[in-house]
Amino acid sequence: MLHKGGKYVAVAVAVSSLILFLLSYLKKFARLKPYRKVCLYVTLSISIISGLKSLSASPCPWSLPQYGGSGSAGKCFPAGHASSGFCLFSLYFAFRQLRMTRSWIFLILALALGWILGVGRQAQGAHFLSHSFATMFLDWAICALFYRLFFFPKAPVKIRQKPISALSYCLITAFSLTFIFNLPFFSKACSALKFSFSDLWLLAVCAFILFSAFFTVLRLLNHSFLIKVFSLFFTVCAAGAMYFNYQYGTIINSEMMRNALATDTAEAAELLTAKFFLEFAFLCLPQLYLTFFVPIKYSSFVRGIFQALVGLVIGVCFLMLNFQGVSSLIRSEPVLRNLISPVNVFSGTYKAVFKDGSTEVDAPRIVIDPKPALGASHKNDKGTLFIVVVGETARLANWGLAGYSRDTTPQLRARNVIPFSKTISCGTSTDVSLPCMFSRVGRDRYDRDRILKEESLLPVLQRAGINVFWVDNQSGCKGVCKGVPSLSISKTKAPSLCSGPRCYDEALLAGIDTSEILKPGKTTVVFMHQLGNHGPAYSKRYPKNFEVFKPVCTDEKLNNCSREEIVNAYDNAILYTDHFLAGVIDWLKSLDGFDTGLLYVSDHGESLGENNMYLHGAPELIAPKEQKEVPMLLWLSKGFEQKFGLNDVCLREQAKADASHDQLFSSLLGILDVKSSVYDQNKDFSAVCRKSNS
């Protein structure tokens, strides 16, 4: 009864107010004229609040895949039933304007009805608790705004000028940082606990520790200017971390900060949209108000230090009260340390800049083999061209050749390529995977510093006598191509494939001067780095004629789209990669004077909403398989197989076993018959398939 009838309370109030408003224009009801504006205020406030839900694409909990839903957008915010109660805030303001002494009764009524209806719907799985909280504040803000506009339109806006103490300022900021911007931390902690009394106490201890830590740091600054500057700086960093965590499930660590620092302008423009800046500004608004409009009273240095020490002591006391519980929680859920904002931003940036090596450092690389040599297969070479395509963000789960329910690779299937059943990536981001996959170190013995100090596979091939080129349609080679020539994509050669700062991947071949790579009597290897499926703008990765699966997500904020729309756009991009690779293979087939081959492998995978996680770059410890399992395939012309003594049947058998990026370095040396001291036969999937080993 309450569930079905509760939401009609707001309708009844709005309709009644509208009727009274209209009746006030009749002479018979002239006594209602003084209440005309009040009735219109109530009607409009409730109507606007009721209509907000239809504008939102926020899904209901029961629509999310992790809770057994279909992933469809649910128009579930603001919470509809809760709004039916909270919109009665308008009655509180209306009767307040009428000087009714007990207008507070309607305030209590609105709160009680809103929470009763909201909790009821939460129990049914229709809303999160956060929906009801946000709905309450939103409805209050709308009712208060209309109250101001209706009844006090010309009243001057009074900005608070009365100063507050430094203690109060630091307490307010610490509260905001702890209980608003660290909601992702507490949300993850709650998912790891069982809500027993001891668990609730542990959550309270964590909250007090964070609160005390933020307060102590701010109060130690001791000067009003420094307190304001650092409070705003902390808030800005925490707001950015919170936005990307809630929008894409992003975990802020050193790897993610490296990705951010390496992002080019085109990629950044797809993430930093107008919607981002609006939401970001909204999150920072309270702190901006404190910074610019609330003065801080002078406080002595000694008092500031004393208050900071008190905060520190309180924090340490709470930590010691449940040290075992806190340490156990952090050990069992290590991702929690990367959810403490803005600490995660500071530590991630520090490690990315000062501790972890940069791929763009312009320093000589260590030569790992000074004298590699070409094998006997290269004698009397009529000409060999091998292309290595580095895919971008393609995941195995959506790869047609890997058994996906949709045939997203029909053209490759028709070209009889050798598909590998499963390949494990070296990392979950380009910044990690790309240098690693062409290094002799690999993931098993991963050492980023060593990877970036040593030369990659490319200079080894070049030193052996092979012509090596790099062609990039992404954000750079991350140091892999250092020391080898790069070919630029000419937009004038492929105008139909290039629009704005981006080109479609077909420009990797159509946009270069092929005379540079077609050298009769020589072996040439070209590395092509795709734009591929790089998110979140999947729908921009392919021409419109490849939009086979519909409807598609065209919003960079993926949680505004249904999962079906996201997957459709992603699959269309895979379909275009299939077309691009098939076109390269057809071009290689047409080169009569060359023995040709192609190897394709993606750098990492992608999350498409599984467990509310999007994009990539998750820490290795918690990275889902969708971000680590990638497609790989091999195509060789008959002439290439004969020249290098490779057996097609054997290679297909080898491709059935699990592979990894760790095998690329030695496998490419083996396939191209390059003799090197850094070659490892155990990591060459082609080793058992060459005639010399049969």
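This one's a predicted model, so the numbers in the text were calculated from it and none came from an experiment.

**Structural notes on the nonpolar core**
The nonpolar side chains of soluble globular proteins are, as a tendency, buried together.
Phase 1: Ranked by internal contacts, the top residues of the largest apolar core, which has 97 residues, are Ile-387, Met-528, Leu-588, Leu-598 and Leu-633.
Phase 2: Considering each element in turn, this core owes the most residues, 13 residues, to helix H23 (residues 563-589).
Phase 3: In this structure Leu-588 touches Leu-385, Ile-387, Thr-596, Gly-597, Leu-598 and Trp-635, once residues within four positions along its chain are discounted.
Phase 4: Counting 46 residues, the second-largest nonpolar core is a separate cluster that includes Phe-420, Val-460, Val-525 and Leu-651.

**Observations concerning the sheet that holds strand S4 (residues 423-424)**
Phase 1: A sheet is described by the order of its strands in space; here three strands give the open sequence S13-S4-S15, paired in mixed fashion. Strands at the two margins of the open sheet, each flanked by one partner only, are strand S13 (629-630) and strand S15 (659-660).
Phase 2: Here S4 runs beside S15; their pairing, made up of two bridges, is parallel. Note that in S15 the partner of Thr-423 across the bridge is Ala-659.

**Digging into the side chain of Ser-433**
Phase 1: Of note, Ser-433 is situated in helix H19 (residues 430-437).
Phase 2: Take Ser-433: its relative accessible area is 0%, and that puts it in the buried class.
Phase 3: Each residue touching Ser-433, except ones within four places of it in the same chain, is listed here: Ser-425, Cys-426, Gly-427, Thr-428, Asp-603, His-604 and His-661.

**Overview of the confidence of the model for the protein chain**
Detailed reading of the predicted coordinates is not advisable wherever pLDDT falls low.
Phase 1: For the protein chain, the average pLDDT comes to 87, and 92% of its residues sit at 70 or higher.
Phase 2: No element of the protein chain has a lower mean pLDDT than helix H1 (residues 2-6), at 58, and none a higher one than strand S14 (residues 632-636), at 98.

**Here's the deal with the sheet that holds strand S3 (residues 418-419)**
Phase 1: Spatially, seven strands are ordered S3-S14-S10-S2-S9-S5-S6 in an open sheet, and the strand pairing comes out mixed. Both edges of this open sheet fall to S3 and strand S6 (486-487), since each of them pairs with a single strand only.
Phase 2: With two bridges joining them, S3 and S14 adopt antiparallel strand pairing. Note that in S14 the partner of Pro-419 across the bridge is Leu-633.

**So, the side chain of Gln-287**
Phase 1: In this structure, Gln-287 sits in helix H14 (residues 274-293).
Phase 2: Dropping the residues within four chain positions of it, Gln-287 is found in contact with Tyr-169, Thr-173, Ser-231, Leu-232 and Thr-235.

**Remarks on H23**
Phase 1: With 27 residues, H23 ought to run about 39 Å at 1.5 Å a step, and its terminal C-alpha atoms sit 39 Å apart, in line with that.
Phase 2: Of all 27 residues in H23, 20 are buried, a share of seventy percent or more.

What counts and what doesn't
- Residues numbered from 1 in each chain as written.
- Predicted model: local features only at pLDDT ≥ 70, side-chain atom pairs only at ≥ 80, totals over all residues.
- Heavy atoms only, no water.
- Core = buried A, V, L, I, M, F, W, Y, C linked by side-chain atoms within 4.5 Å.
- Buried < 20%, exposed > 50% of the residue type's maximum accessible area, 1.4 Å probe, protein only.
- Helix = DSSP H or I, 4+ residues; strand = E, 2+ residues; numbered from the N terminus.
- Contact = heavy atoms within 4.5 Å.
- Pairing = 2+ DSSP bridges.
- pLDDT = per-residue confidence, 0-100.
- Expected span 1.5 Å × (residues − 1).

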